[in-house]
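Examination of the molecular architecture
Chain by chain, the residues run as shown.
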Amino acid sequence: MFRILRDTGVFEHTWKELELWLEHLENTVEENRETVIQFLERILLTLVANPYSYTDKASDFVQEASTLQATMTKQEADDVSIPISHIDDVLDMVGVLVEGSEGLDEEIGFSLNEDMILLTFPFSAVVPAALEARNKLLLGTGNEAAENIVTYLTAVLTDLLHTQRDPLALCLLLQAYDKLEPPCSVPCCHQLSQFNRYYSLWIPEQAREALLLQPQGSPPPPALPSASSFTALLQTAYESQTLRDEHIQAQLQATMPRLPMQQVLRAAKQVLLYLRSTVENFGQLGRSAGLPLLQLFLDLLRRLVVHCEQLDAQNQQRCEAARAEADLFLDMESVASLELANDQTLEEVLMAVLRHPTLEGWFLALEQQALPPHTLSPVLVKLLATHFSAGVLQLLVASAPILRNIGQLGLMARYLEAVTQSVLKELRSRRAGPATSPLKTLLQLEALQELHPYMGGAQLREVTLALLSLPEAHLVTQQPTKSRRKERHLNALGKTLVQLLTCSPQDQLQSSELLWSSEYVRGLGALLPTLAVDELDTVLLHTLQRDPVLAPAVRADLLDYCLTRRTQGALSIAALLLQQSCTHLLCFEQWCLRAGPGLGLQGDLDDFLPLIHVYLQCRMQSPFTRPAGVSSAVIPVLRKTLWRQLQNRLLSTDSPPASGPYQEILAQLVPFARAKDLSILMDRLPSLLHTPNSHKSRWIVADSISSALEGSAEELCAWRRTLLESCVKWLIVSFSGGQQDDDSTQDQEKQMLLRLNELLHALNEVDPGDWQKFVKTGLKFRYQDHTFLKTLLAAIQLLYGPESSVRTKLIQLPVVHMLLMQHSLFLPTLLKSDGEESPDSKVKEVLVDLMLTVVEMCPSVCESSHFAVLLGAYGATLSVLDQKILLLLRAYEQNKLSLINFRVLLWGPAAVEHHKTCRSLGKSLWQQPSVGDILCLLDRDQMMQTILHFPQSRRLLPPEDRQEPIFKDKSRVELDGLYDPCFLLHLFSELTRPEFVVDCRKFLDSNALGLTVTALSSYDPQMRAIAYHVLGAYYSHLEGARFQEQSQLLYLLDVVRNGIRTQDMRLTFTLALFIAKAAMQILKPEEHMYLKVSNFLLSHEYLSMDKVPGFYQFFYSSDFQVRFQSPPGLAYAAAIVIQTFSTPTLRCWPTETTQARI
């Protein structure tokens, strides 16, 4: 029904009025509801059939009300009337609205907002139609339904009156339709008369007319309604002028919590109506009656907003509970609870209250000197404006958090702008006036203090800059004391400034505009010495930390303030100023020279040390900006003040060294120390460097002493020997403590190991006893520590080299090798499979490097029993670890221990399992793995990847010069996923010896033949030579083999052999790849390329090594399948194109994108 009635167009802009008609219809008692429904049916049918006459009447009374208001205020009707003043324009507009609202802006020239709708359409055309039907009903005879209809209409029109922003038009309409003289007395005369008296309160005296329908007898006094009806109680109390009664006010406050959610908006509009009337009639009410009513209505509005917010929170809780239960079952009550989530009553209440013209117009109107039109005396208008603004402020304070939670802070925009402008106006006037005038309590300042968390960043910055630009005398007040000395305290403006700077959200005051920031910092820095507030120190500190470039904008005397105040925040500000400003650096130096030795610190040394630390770090910045000699004159002052205290702290053995910057400060003062003081420090410090807790505290000073002794080579060498001894002992003590418990211990050991490496390279010697303890303790407790093993490797390479003078005195290398190989963690570390943890692979690499270094320096440590472990750790790939293991195996072979004699050619986990089997079963059951077993270890896909990305620059044997023996490919291919051809070709050469039985088909199927052929494209002649050797041996085995594809494979090898014209001839990668792919195609006769490759091979006696196979046949072929469905042909074309543009090799089989492009 609601949707149908709204679609008729009668309630186009007044559809909320329709809710009133239907709600009161629902509240009508059951026996009278049918009568009311028939009455409404007649009204709506009449209105829909002929709406123009009733819309004309509504427009007439709107115009009449506008004219009456203009006459009363003695203004021209055109100045104050509604924008559409001519009756014809109103009729045209209503006609458009009835037919539809499309194109309305083009018809009347403006768009309708909410305020314009409330002024133009205060009520619908249903009201005059209903009043006309009511009068006809009253003038009739014998109609018993009149009383029920009048009761219904009175209830509806009363609520409609309460929702009016300007009720004059509706009241004039009601008064006009109450002019009727029924033929006889009607039973509802008292009800009509009472309603007439109520709405006449909003009709001016000169426009009131006497009611012709008078009730018989004296009218009964208005009785107070039940305590359960807030709106009825408020209406009766307002009509009887008893709202100032404390008992009535208590009843209103008691009934408000029982007000349901759907009636809160109507109650708020009713209070707004009474508030507007009170403001308009304030001159008649006077001070005694007007102020209490004003305060009461504003307080009721605040309470209604809070009550509505509480109801909304309860609805949200019920909605959440219903959502939680909706997964199980969904009943009607749950559906109703879920619908509450979309309830907009709270937002509508706040919008109706805060958008009301009376509240917006009178809030801080006196402070802005922008009063709305009024006829009050200056005393009354000041009284009204002050108390009204104070009440509205409390309403805003209660509403602001709610608005922020629902994201509607825009409703407060006009109020916040009023606060901003009124405060700026007051500050401008005070800046121009004398500073000695007493500061009164300002309402706009109170509003700023309460509402600044909700203001925009631009408004806050503007107000803050205005406050900062005030002279100091305007922010403080002087109060006399008993000592005849006046104490300075912050006044209201000063307290407001402190609150803005300390409590405002940081994102509102922060800005990237340096102009605003520099003015902000300059003003704040000028006020700090006067105000001396810890919170302001924190604000300035955060600002300088965010924008350090603003430090030069701070006045120089602020540094004196910070040095005098000496709080943590003030000294932090001073440190930032020294870092960023040469001017403040000079001021600090002058302050030190004025203070002299001691600097007046007494017990404040710990607080002052961070500032001195910063100065010593920054003293050499921009020396040309300060007078010469000032900086050098400050150092003796600081040394005399700090040296003895800092040295005593550093050398104290009573307690562990405390944290703080005193070690760094002492280290910075060491270059300027006297010889006597430096000697004492060098004598006592080494004995304290052995303890692990001395790492961060005392070693910093030790490094500073080394830097100070660089001018004396003899003293520096002696000091480094002392440091080396202390460093080794520190590490031994740390290692002996067990495992690394935390990250801090690990970091300390890492730094000390780096220090040990530096000292060893500087001295090239070490104490033999300390070295033996270091090696044994380190291998015992840090066997899997990458940093330790790396340091040990570098030390062995240095100390056991041919040029070392102490190598014969140190622990022998066979002992070191034994400690490495026979450690309980050797096998778990080396044989552990590579997982995702990177430290394990690094530890393996450096462990293999250690073994390789020891083997190269002492070949006697090599034993054939080591092969089982090394092959078990080997993966036959191009990873760095596998390449290093292969180098180690080569080193064993160079020492006359050959893998061929070992007769075990397995690797990886298979080698480990084979070794376990041999040890458990004994040599009698020892069986050698066959060629097929070894070929089964090859991963077919990994072999194909190696063929497609063959490392052509890889050398078969490592270079004999000092080049890096580890192969590194610049391509994006991961070398860990490719097999190492150096190992595999040696392996294939061994497996194809005549005495072995080779499964030739398995050799082909495992891609071993393809890898061997691809090796013919290597740039290393030795790599090609062994590949030719393997092919020759395989050809011999192939001739005696018996399998289905034997003849085809022999023919392919013959074609290749016939095309080779020189010894160890290098094939292009494209050609080698073609041969490998053709060999694999032999085993796949079901594929469509099998026939094409076979035809190509059968048509050639030899393979031309300077041409791309089949390219011309592909290029000139008219066969669609050959041109577009032949991957080898496309590969040939791709290869020739790439070779034409000087690309040496085609590194992979062409992809679909490459094929499509060609």
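Residues numbered from 1 in each chain as written. Predicted model: local features only at pLDDT ≥ 70, side-chain atom pairs only at ≥ 80, totals over all residues. Heavy atoms only, no water.

Looking only at helices and strands, the chain has 60 helices and 2 strands in total. The burial tally for the chain puts 49% of its 1158 residues in the buried class. Look at the contacts in the chain between residues 6 or more apart in sequence, and 73% of them connect residues 24 or more apart. Accessible area for the chain stands at about 57,000 Å²; split by element, carbon and sulfur atoms hold 51% of it. (Helix = DSSP H or I, 4+ residues; strand = E, 2+ residues; numbered from the N terminus. Buried < 20%, exposed > 50% of the residue type's maximum accessible area, 1.4 Å probe, protein only. Contact = heavy atoms within 4.5 Å. Areas by Shrake-Rupley, 256 points an atom, 1.4 Å probe, with all protein chains shown as cover.)

Further remarks concern unusual backbone geometry. One non-glycine residue, Asn 764, lies in the positive phi region at around 60 degrees. With respect to the helices and strands, the residue Asn 764 is situated in the loop between α38 (743–763) and α39 (768–781). Using a relative accessible area of 39% as the deciding quantity, one classes Asn 764 as partly exposed. Although it is not a glycine, Asn 1007 sits at a positive phi angle of roughly 70 degrees. On the secondary structure map, Asn 1007 appears in the loop between α51 (1000–1005) and α52 (1008–1014).

On to the nonpolar core. Counting 342 residues, the largest nonpolar core has Leu 243, Phe 588, Trp 771, Phe 774, Phe 988 and Leu 1049 as its most contacted members. Beyond its immediate stretch of four places on either side in the chain, Phe 588 contacts Leu 559, Leu 563, Leu 578, Phe 608, Leu 611 and Tyr 615. (Core = buried A, V, L, I, M, F, W, Y, C linked by side-chain atoms within 4.5 Å.)

Applying the stated criterion to the full structure yields 21 aromatic pairs. For the pair Tyr 238 and Phe 297, a centre-to-centre distance of 6.4 Å together with 55 degrees between the ring planes defines the contact as tilted. With a gap of 59 residues between them, Tyr 238 in helix α13 (residues 230–239) and Phe 297 in helix α16 (residues 282–326) connect regions that are remote in the sequence. The pair Tyr 238 / Phe 297 is uniform in exposure class, with both members buried. Relative to Phe 1003, the ring of Phe 988 has its centre 5.3 Å away and its plane inclined at 70 degrees; by these criteria the two rings are edge-to-face. Separated by 15 residues along the polypeptide, Phe 988 in helix α50 (residues 981–991) and Phe 1003 in helix α51 bring together distant segments of the chain. Of the two residues, Phe 988 and Phe 1003, both sit in the buried class. (Phe/Tyr/Trp six-rings, centres within 6.5 Å; stacked < 30°, edge-to-face > 60°.)

Its 12 residues place the ends of helix α25 (residues 492–503) 16 Å apart at the C-alpha level, agreeing with the 16 Å of an ideal helix rising 1.5 Å per residue. Among the residues of α25, those classed as buried are Leu 493, Gly 494, Thr 496, Leu 497, Val 498, Leu 500 and Leu 501. One side-chain oxygen at the N-terminal end of α25 lies 3.2 Å from the backbone nitrogen of Leu 493; it belongs to Asn 491. (Expected span 1.5 Å × (residues − 1). Polar contact = N/O pair within 3.5 Å; in protein donor to acceptor, adjacent residues only side chain to side chain.)

Now for the packing of helix α37 (residues 713–736) against α38. The N-to-C vectors of α37 and α38 enclose an angle of 145 degrees; their axes lie 10 Å apart at closest approach. Once α37 is placed against α38, the crossing between them reads as left-handed. For the pair α37 and α38, contact is made by Cys 717, Arg 720, Arg 721, Leu 723, Leu 724, Cys 727, Val 728, Trp 730, Leu 731, Ser 734 and Phe 735 and by Gln 748, Glu 749, Met 752, Leu 753, Arg 755, Leu 756, Leu 759, Leu 760, Ala 762 and Leu 763, respectively. For the contact of α37 with α38, the class distribution of residues is 15 nonpolar, 2 polar and 4 charged. (Axes fitted to C-alpha atoms, helices over the stretch in contact; angles between N-to-C directions. Left-handed = near helix turned anticlockwise from the far one by under 90°. Nonpolar A, V, L, I, M, F, W, Y, C, P; charged D, E, K, R; others polar.)

Turning our attention to the confidence of the model for the chain. Averaged over the chain, the pLDDT score is 81; the fraction of residues at 70 or greater is 80%. Of all the helices and strands in the chain, helix α60 (residues 1152–1157) carries the lowest mean pLDDT, 31, while α52 carries the highest, 95. Within the model, the stretch residues 75–110 combines pLDDT values under 50 with 47 contacts to residues more than four positions away or in other chains. Considering only residues more than four positions removed or in separate chains, one finds that residues 1120–1158, a stretch of pLDDT under 50, has 64 contacts. (pLDDT = per-residue confidence, 0-100.)

Right, let's talk about the packing of helix α44 (residues 866–873) against helix α47 (residues 909–921) for a bit. It is at 6 Å that the axes of α44 and α47 come closest, and there the two elements cross at 145 degrees. Taken together, the residues of α47 that come into contact with α44 (itself represented by Ala 868, Leu 871 and Gly 872) are Pro 909, Ala 911, Val 912 and His 915. Among the residues forming the contact of α44 with α47, the class breakdown is 5 nonpolar, 2 polar and no charged.

The subject of this paragraph is the environment of Val 997. Summarising the element assignment, Val 997 is placed in the loop between α50 and α51. Its relative accessible area of 75% is what places Val 997 among the exposed residues. Residues Val 997 and His 1037 lie 40 residues apart in sequence; the distance between their C-alpha atoms is 8.0 Å.

Attention shifts here to the pattern of salt bridges. If you walk through the whole model with that rule in mind, you get 31 salt bridges. Asp 534 is the partner of Arg 565 in a salt bridge, and the nearest nitrogen-oxygen pair spans 2.1 Å. Note that Arg 565 is positioned in helix α29 (residues 557–565) and Asp 534 in helix α28 (residues 534–546), a separation of 31 residues in sequence. Under the relative-accessibility criterion, Arg 565 is labelled partly exposed at 25%. (Salt bridge = Lys/Arg side-chain N within 4 Å of Asp/Glu carboxyl O.)

Let's shift gears to the environment of Thr 278. Within the secondary structure, Thr 278 is located in helix α15 (residues 264–280). For the pair Thr 278 and Ala 289, spaced 11 residues apart in sequence, the C-alpha separation works out to 9.6 Å. Apart from residues lying up to four places away in sequence, Thr 278 is in contact with Leu 285, Gly 290, Leu 293, Leu 294 and Phe 297. Here Tyr 274 takes part through its backbone oxygen, which lies 2.7 Å from a polar atom of the side chain of Thr 278.

Before going further, it helps to examine the side chain of Arg 276. Assignment of secondary structure puts Arg 276 in helix α15. In this structure, Arg 276 is in contact with Gln 69, Arg 165, Asp 166, Pro 167, His 356 and Thr 358, ignoring residues within four places of it in sequence.

A large share of α13 lies buried, amounting to 8 of its 10 residues. Every buried residue of α13 is accounted for by Phe 230, Thr 231, Leu 233, Leu 234, Gln 235, Thr 236, Ala 237 and Tyr 238. For α13, the side-chain oxygen to backbone nitrogen distance between the N-cap and Ala 232 is 3.3 Å, and the N-cap itself is Ser 229. Just downstream of α13 lies Gln 241, where phi reads positive at about 60 degrees.

The subject of this paragraph is the environment of Ile 635. Looking at where Ile 635 falls in the secondary structure, it is placed in helix α33 (residues 630–650). What makes Ile 635 buried here is its relative accessible area of 4%.

The next point concerns the side chain of Gln 1046. Locating Gln 1046 in the fold gives a position in helix α54 (residues 1046–1059). Within the structure, Gln 1046 has its side chain in polar contact with the backbone oxygen of Leu 1038 (distance 3.1 Å).

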